[in-house]
Each structure stands twice: as C-alpha cells, then as structure tokens.
Amino acid sequence: MKKTITALSVISAMTLLSACGSDDDNKVEEPKFITATFIDSEVAGLEFRCGDDSGLTDANGEFTFIENSSCNFKLGGFDIGTTSQLTEADSIVTPYDIAETSEKGVKIASLLQTVNVNGDPDNGIDVTGFDGGVLPDNLLSLDDDEFIEQLEESTGLVAVSLDDAKEHLDNNVGQSKGYHSAAVQTIVDDVRAILPEIEKANYQSKLAEYHAILEKGDDSNNADIETLTALIAIAEVVNEPIVAERLDIEQTEFKYTEMLPKVIDSVINSAQANFIEEQQGTTDDIAALFYSMAERLVEASDKLAASFADENYVAMYDKSGSANITYNDAHSIRAAALVLASKLSTLSAYQYGSDEYVIPQQHQAKIDLIKTSYQDFEFNIEYIQMDMDTEYSLINISSNDFLNDETVGRLRAEPQYLALAKKALTDAAEIGLMLDLASMGLAPEEVEELEVYLQDLNTHLSAADGSADPLVVIDGDLTYTVNLQAFYSLETGIDRNDFTINAYQDCATGDQWSEVLSKVADDAICGTDDVLNSDGSLNYGKLTWLTWGQDDNGQSYELYIKGYSAYNDADFEESPTSTIDDVLMSCMRSDEVIDCREL
C-alpha cells in the first residue's frame with residue numbers, strides 16, 4: 001500500500017529533477033546568444049572569453065555568450081576567475097560566481113573597486129586600460145592583510161578594504177538580482193560563504209541562526225520572509241535525528257552547491273520518505289514529538305499557501321536566479337510537507353510499548369569463542385574464553401516478547417492523530433490537482449497517470465462515504481480496492497485488535513535461545529556446541545562472526561560466537577471483530593479475485 005501514501009512525493013521530487021528534452025533528437029538547434037552583465041556596480045573594460053567568443057565588457061558591464069558556455073574573466077591580462085556553465089537565467093554575473101570561495105569573491109571586488117578609474121564604485125566601475133601585469137600572480141590567494149599590502153604596493157593606489165568591498169558588492173548583488181528582503185539576502189550571502197564546506201557545518205545550528213534572522217525581519221514586510229521561514233521549518237523537522245533515524249530519507253540528485261536556498265536539500269528529500277520496514281522502537285514520548293512535528297509541517301504549509309496566493313509571485317533566493325521559488329514550486333513543496341506530516345501523525349497514532357524495549361542496555365559476560373587464524377599456511381582453530389562488555393536492546397534479542405506485548409500496535413484512544421493524518425493527505429491531494437505536472441519533467445503518460453490517481457484520491461478522501469467511493473490502486477498485476485477513510489477512523493482503523501499474535505523464536509533440534517549470547521551479538525542467538533562438520537571443519541552455519549583483530553605478532557584472526565541466528569516468526573489469526581475488510585475491500589491479481597490476506 002506504499003503507493004497510496006507516497007504517490008504525491010513524485011510532485012516535489014520531480015520539481016528539481018526535471019530536465020528539458022526535445023521531441024526530435026536529431027534536430028540541430030541554432031546556438032543561443034545571451035547577454036549578461038558583470039556587476040559590482042557594472043564593470044566596464046573587463047576581458048571575457050566564453051568559448052570562442054571574447055572581448056571587453058561594455059560601458060554597462062555587458063557581455064555576450066552562447067548558452068551553456070563557461071566564461072573566463074581577466075583584468076588587463078590578470079586572471080580573476082571562471083564561471084560554471086551559464087544559461088539564460090544567468091543574466092547577472094558577480095565576483096562570487098567566478099570565485100571558488102566567497103572570500104576570494106570579496107578580494108576580486110576589492111581589486112576591481114581599487115583600480116576603478118572612476119574612483120566611485122557607486123557610479124559604475126571602469127577598469128579599461130589597467131595593466132594586470134603589475135599584480136602578483138598569487139594575489140587572490142594571499143591572506144587578507146597581505147592581499148591589501150600587495151595590492152597597494154603593486155598598483156600604487158589606496159586599496160578598498162575587504163569589509164567595504166563586501167558591503168558594496170552584497171548591496172549591488174541584492175539590488176541587481178532582485179532580492180525583495182534584506183533578511184533573506186543575509187541568509188543567502190551566508191549560505192554562499194559556507195557552501196564549500198556545507199556538509200561539515202552544524203546543520204541544526206545554522207537553521208536556528210537563519211530562523212532567528214527571519215524572526216527579526218526587516219522593513220520589507222515581504223512574503224519572501226514568510227516563505228523562507230516556512231521552508232526552514234520544514235527542513236528543521238526533516239533534519240531532526242529522531243525523524244531521520246525512523247524514516248528512510250532517500251537522497252536525490254539535488255546538490256547543496258547548486259541551490260541550497262531552494263530550501264536545503266532535505267526539504268526535497270522529505271518528499272521521498274518511506275517507512276523503514278525494521279522497527280525502530282518509537283516510544284510514547286517520541287510519538288508525541290512526531291505529532292508536534294506533523295503540526296509544524298502543516299503550519300509551514302499554511303504559511304507557504306499564504307505567501308503564494310498569487311500564482312505570479314516569485315520568491316527570489318538564489319544568486320543565479322535558478323533557485324527562485326515559483327507558485328508551482330511552493331505548492332509542490334507544500335504537498336511534500338503534508339505527505340510527510342500525514343506519515344508522522346499516522347506513526348503517532350499507534351502505541352509501541354515500553355521504553356524498556358529500545359533503551360540500550362549494557363552487559364558483561366565471559367564468553368566461549370572460536371578463534372581462527374592462518375599461520376605458516378595452516379588454518380588454526382582455537383577455543384578461547386573472553387570477558388566482554390556489550391550493548392544490546394530487548395527488541396533485538398527477543399523481538400517475540402515485543403510482538404507478544406498486548407500494548408504494541410494498538411491505536412491510541414485520542415482521535416487527533418488519525419484526523420491530522422487524513423486531513424494532511426487530503427490537502428496534499430487537492431494541491432496536486434492544481435499543479436502544472438507537465439512542467440515537472442514527467443513523461444506525458446506519467447502526467448496522465450498521476451492526474452488520474454490524484455483525482456481518484458481526492459474524490460475518495462472528500463467523499464461523504466469512503467466505501468461508496470473507494471480508491472482503486474494498481475500496483476503491477478495487483479489491484480487493490482481501498483477505503484482510506486476507514487483506515488483513518490478509530491472505529492475501523494487496522495490495529496492489534498484485528499489480530500491475535502503469537503510470535504516465537506525457533507532453534508534447531510537440541511539447541512535453545514541463549515540470553516547471554518544474544519546480548520553479546522545484539523541479536524536473537526541459538527547457542528550450540530555442534531560447531532564442527534563430520535570432517536572436523538567448522539560448520540559456519542552454526543557460528544556467528546563477531547569481530548577480527550591482530551595479535552601482538554601482527555597475525556590476523558577472527559572471532560566467532562558458538563551460536564547462530566534464531567528463526568523469528570509469528571502466527572497472526574484474524575479476530576472475529578476484525579475491520580480489515582472495511583479498509584482493504586477487495587484484491588485482484590490480473591483478472592482473478594484473491595483474498596487480500598494472502599498478500
């Protein structure tokens with residue numbers, strides 16, 4: 001049933017992964033010439049080479065390039081940097097765009113402002129005729145103080161300080177690129193500064209810092225602030241370790257260095273969150289936390305809706321313009337956030353037993369082990385004892401006790417969890433219907449399929465009676481007829497009351513589950529002394545590898561536990577009062593009706 005709750009994730013993921021294609025792969029397209037402006041104010045007289053095109057920026061700082069070209073810039077022969085491939089969106093190029101780091105970008109700005117023949121960078125910058133040969137080759141890689149010293153010594157001019165250069169550059173970048181908010185620009189500038197080592201940054205601390213800047217606001221009173229606030233709130237939820245550990249956040253091709261302000265990549269990754277099959281031991285406290293996070297996601301979605309009530313509104317965040325957030329972008333992110341909110345609230349609706357099952361516990365024991373090694377081309381087996389300090393959890397060593405706990409898997413009596421889950425999914429489906437899916441890189445047949453699915457989902461969730469308008473889900477050769485409204489109801493939702501469960505662990509004849517060995521391996525282990533084959537070799541099927549090491553002579557060895565993983569299974573018997581049929585109404589494989597319980 002994964003498709004039921006994850007189909008909408010396609011919307012957000014495809015927003016950033018879309019690519020423009022051609023219906024005719026053999027068609028030869030004419031090169032597209034684009035005019036851009038180099039600014040720290042408009043810079044005139046700067047040498048540029050974009051592929052085969054070269055020249056000087058004109059009085060307005062303009063230059064021309066063929067789309068997808070990289071452009072190198074020189075100051076009187078002195079190389080100051082090269083852009084990545086430029087597109088039509090790159091109508092403004094700045095020192096930041098040609099520098100590997102923001103620090104180097106500021107030094108380029110200081111250099112240009114210092115040699116400006118106009119003297120006042122506010123009236124434009126003119127570097128025509130400057131001889132870059134007087135500059136040290138390593139000027140831009142020098143430390144700050146040495147950079148200023150060498151710049152003044154080589155040019156005979158009073159250098160513009162790095163602080164003044166940065167202030168002038170950032171003001172002009174914001175104005176030229178259309179930032180609506182100084183607070184937003186502050187964050188974008190900081191993002192630019194930490195991009196080279198973004199993965200080493202304290203992510204939670206950065207998000208909190210940005211949140212504080214946006215709360216303080218500025219004089220713009222602009223929706224950009226509310227938009228970025230909402231996006232960061234989504235990112236904060238997705239990046240909570242307690243969420244990341246329990247949801248499988250799949251990575252996409254979205255890169256930090258490309259468009260981090262388009263909301264920190266985890267916002268997009270959240271759209272592809274799927275349940276991890278392995279139980280992670282969610283407790284009551286964590287369930288309450290999940291629910292509060294779901295509420296935060298809904299609140300963030302509402303903020304985005306308010307900011308993007310006008311379909312022509314664009315939030316501007318990226319230095320190249322490629323990460324500006326459009327109406328379609330914002331509402332697709334809303335849909336992704338609401339799908340995640342629905343999942344978190346659904347998780348919160350169920351009980352998961354005592355903390356005792358999942359809190360790590362320590363154990364000390366003297367264990368009989370088998371040590372194997374090769375020496376002088378001979379395989380050696382030793383039987384040894386070792387004192388060991390181990391850490392384990394009860395859910396790992398005796399999952400049968402967890403599953404047999406009558407409190408595990410029961411719905412909580414409070415209705416708000418399933419109510420929020422249902423509403424969030426309903427709202428996400430409604431959002432999906434108003435989006436331009438064709439602009440997201442989907443193939444026409446995929447757009448058609450998704451539109452039909454979203455329409456069916458919306459109709460079902462909005463119906464007065466979900467059983468009268470069920471949702472039909474096709475997954476390969478299987479077809480399910482489902483009533484999600486019944487699933488989101490305390491009276492008919494599927495939980496432990498629909499089954500009697502008998503979970504157990506099996507060992508081979510003559511062997512038994514070993515509590516001590518299980519605590520050492522943090523797994524259910526059947527202990528055994530029958531570890532040899534008839535020819536005297538080790539029966540590795542009866543052993544559990546523990547670790548390897550080297551002795552004082554540098555000889556490598558491996559250690560094995562005298563035991564093997566228990567077979568864990570459970571018998572489920574449907575209770576007489578089961579409401580499974582209310583939720584999973586019918587199933588078909590190909591054209592044959594089958595019992596849904598067989599799946």
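Above this note sits the structure.
Each value, and the rule that gives it
- Residues numbered from 1 in each chain as written.
- Predicted model: local features only at pLDDT ≥ 70, side-chain atom pairs only at ≥ 80, totals over all residues.
- Heavy atoms only, no water.
- Helix = DSSP H or I, 4+ residues; strand = E, 2+ residues; numbered from the N terminus.
- Buried < 20%, exposed > 50% of the residue type's maximum accessible area, 1.4 Å probe, protein only.
- Contact = heavy atoms within 4.5 Å.
- Areas by Shrake-Rupley, 256 points an atom, 1.4 Å probe, with all protein chains shown as cover.
- Pairing = 2+ DSSP bridges.
- Axes fitted to C-alpha atoms, helices over the stretch in contact; angles between N-to-C directions.
- Disulfide = S-S within 2.5 Å.
- Polar contact = N/O pair within 3.5 Å; in protein donor to acceptor, adjacent residues only side chain to side chain.
- Patch = residues over 30% accessible without salt bridge, like charges linked within 9 Å, V, L, I, M, F, W, Y side chains within 5 Å.
- Salt bridge = Lys/Arg side-chain N within 4 Å of Asp/Glu carboxyl O.
- Lys, Arg positive; Asp, Glu negative; His and termini not counted.
- Charge placed at Lys NZ, Arg CZ, Asp CG, Glu CD.
- Expected span 1.5 Å × (residues − 1).
- Arc of directions from axis to C-beta.
- Core = buried A, V, L, I, M, F, W, Y, C linked by side-chain atoms within 4.5 Å.
- Parallel < 35°, antiparallel > 145°, perpendicular 65-115°, else oblique.
- Left-handed = near helix turned anticlockwise from the far one by under 90°.
- Nonpolar A, V, L, I, M, F, W, Y, C, P; charged D, E, K, R; others polar.

With that settled, the discussion passes to the overall build of the protein chain. The helix and strand tally for the protein chain stands at 20 helices and 24 strands. Each of the 599 residues in the protein chain was classed as buried or not, and the buried ones make up 49%. For the protein chain, restricting intrachain contacts to residue pairs at least 6 apart in sequence, the fraction spanning at least 24 positions comes to 68%. Here the protein chain displays about 29200 Å² of accessible surface, and carbon together with sulfur accounts for 46% of that area.

Further remarks concern the pairing of strand β20 (residues 556–561). The pairing of strand β12 (residues 361–375) with β20 spans five bridges and is antiparallel. The partner of T372 across the bridge, within β20, is E558. Here six bridges tie strand β19 (residues 544–550) to β20, and the two strands are oriented antiparallel to one another. Directly across from T547, in β20, lies its bridge partner L559.

Here we have four strands laid out as an open sheet, ordered β4-β3-β6-β7, and antiparallel in their pairing. This sheet does not close on itself; its edge strands, each paired only once, are β4 (53–56) and β7 (78–82). Within the sheet, the average angular offset between the axes of one strand and its neighbour, ignoring direction, is 20°. Contacts between helix α3 (residues 102–114) and the sheet are confined to β6 (71–75) and β7, with β7 contributing the most and set at about 140° to the helix.

Further remarks concern the state of the cysteines. In the structure shown here, the tally under the stated rule is two disulfides. The disulfide bridge from C50 ends at C71, spanning 2.0 Å between sulfur atoms. The chirality of the disulfide connecting C50 with C71 is right-handed, given an S-S dihedral of about 115°. Of this pair, C50 sits in strand β3 (residues 47–50) while C71 sits in strand β6, and the two are 21 residues apart along the sequence. Judged by relative accessible area, C50 falls into the buried class, the value being 1%. The disulfide that involves C507 links it to C526, with 1.9 Å between the sulfurs. Of note, the bridge from C507 to C526 carries an S-S torsion of about -85° and is left-handed in sense. On the criterion of sequence distance, the pair formed by C507 in the loop between β16 (499–506) and β17 (512–513) and C526 in strand β18 (residues 525–527) is long-range, its members being 19 residues apart.

Here we take up the side chain of T528. Take T528: it is sitting in the loop between β18 and β19. Within the local environment of T528, its side chain forms a polar contact with the side chain of D511, the two groups lying 3.2 Å apart.

Trans peptide bonds make up most of the peptide bonds, and negative phi angles are found at most residues other than glycine. The residue S41 is not glycine, and still its phi comes out positive at about 65°. Within the secondary structure layout, S41 lies in the loop between β1 (33–38) and β2 (43–44). For S590, which is not glycine, the phi dihedral falls at a positive 55°. For S590, the location among the structural elements is in the loop between β23 (584–589) and β24 (592–594).

An order of β14-β15-β23-β24 is seen for the four strands of this open sheet, with the pairing classed as antiparallel. Of all the strands in the sheet, just β14 (471–475) and β24 have a single pairing partner and so form its edges. If you compare each strand with its neighbour and ignore which way they point, the axes differ by 25° on average. Pairing of strand β15 (residues 478–482) with β23 involves five bridges; the strand directions are antiparallel. Within the sheet, the bridge partner assigned to V482 lies in β23 and is L584. Here helix α17 (residues 444–462) sits on the sheet in contact with β14 and β15, set at roughly 145° to β14.

It is worth spelling out a negative patch on the surface at this point. Taken together, D143, D145, E146, E149, E152 and E153 make up a surface patch of like negative charges. With respect to the helices, strands and loops of the structure, E152 is situated in helix α4 (residues 144–155). In this structure E152 comes out as partly exposed when scored by relative accessible area, which is 31%.

On the surface, a nonpolar cluster with roughly 600 Å² of combined accessible area is contributed by Y374, F379, I381, Y383, L532 and Y540. Mapping Y374 onto the fold places it in strand β12.

Here we take up α4. The end-to-end C-alpha separation of α4 is 17 Å, in line with the 16 Å expected for 12 residues at 1.5 Å each. Those residues of α4 lying buried are F147, L151, S154 and T155. Looking straight down α4, one finds that the buried residues subtend no more than 85° of arc, so they occupy a single side. Opposite the packed face of α4, turned more than 90 degrees from it, sit the exposed residues D145 and E153.

Judged by nonpolar contacts, the single largest core of 68 residues is most densely connected at L297, F308, L344 and L484. Among the elements that line this core, the one with the most residues is helix α13 (residues 327–348), at 11 residues. Membership of the second largest hydrophobic core comes to 38 residues, among which are C71, F78, L86 and L140.

With respect to the helices and strands, the residue T94 is situated in the loop between β8 (92–93) and α3. According to the relative accessible area criterion, T94 is buried, its value standing at 1%. Polar contacts involving the side chain of T94 include one to the main-chain amide nitrogen of Y96, which spans 3.1 Å.

A word on the packing of helix α16 (residues 416–434) against α17. For the pair α16 and α17, the least separation of the axes is 9 Å and the interaxial angle reads 140°. As the angle between them shows, α16 and α17 are arranged oblique. Of the two possible hands of crossing, α16 and α17 adopt the one that is left-handed. Packed against α16, whose contacting residues are K422, L425, T426, A429, E430, G432 and L433, the element α17 presents E451, L454, Q455, L457, N458, L461 and S462 at the interface. Classifying every residue of the contact of α16 with α17 gives six nonpolar, five polar and three charged.

Here we take up the pattern of salt bridges. Applying the stated criterion to the full structure yields 10 salt bridges. Salt-bridge contacts for R410 lead to E406; the nearest nitrogen and oxygen are separated by 3.1 Å. Since its relative accessible area comes to 23%, R410 is described here as partly exposed. With a relative accessible area of 47%, E406 lands in the partly exposed category.

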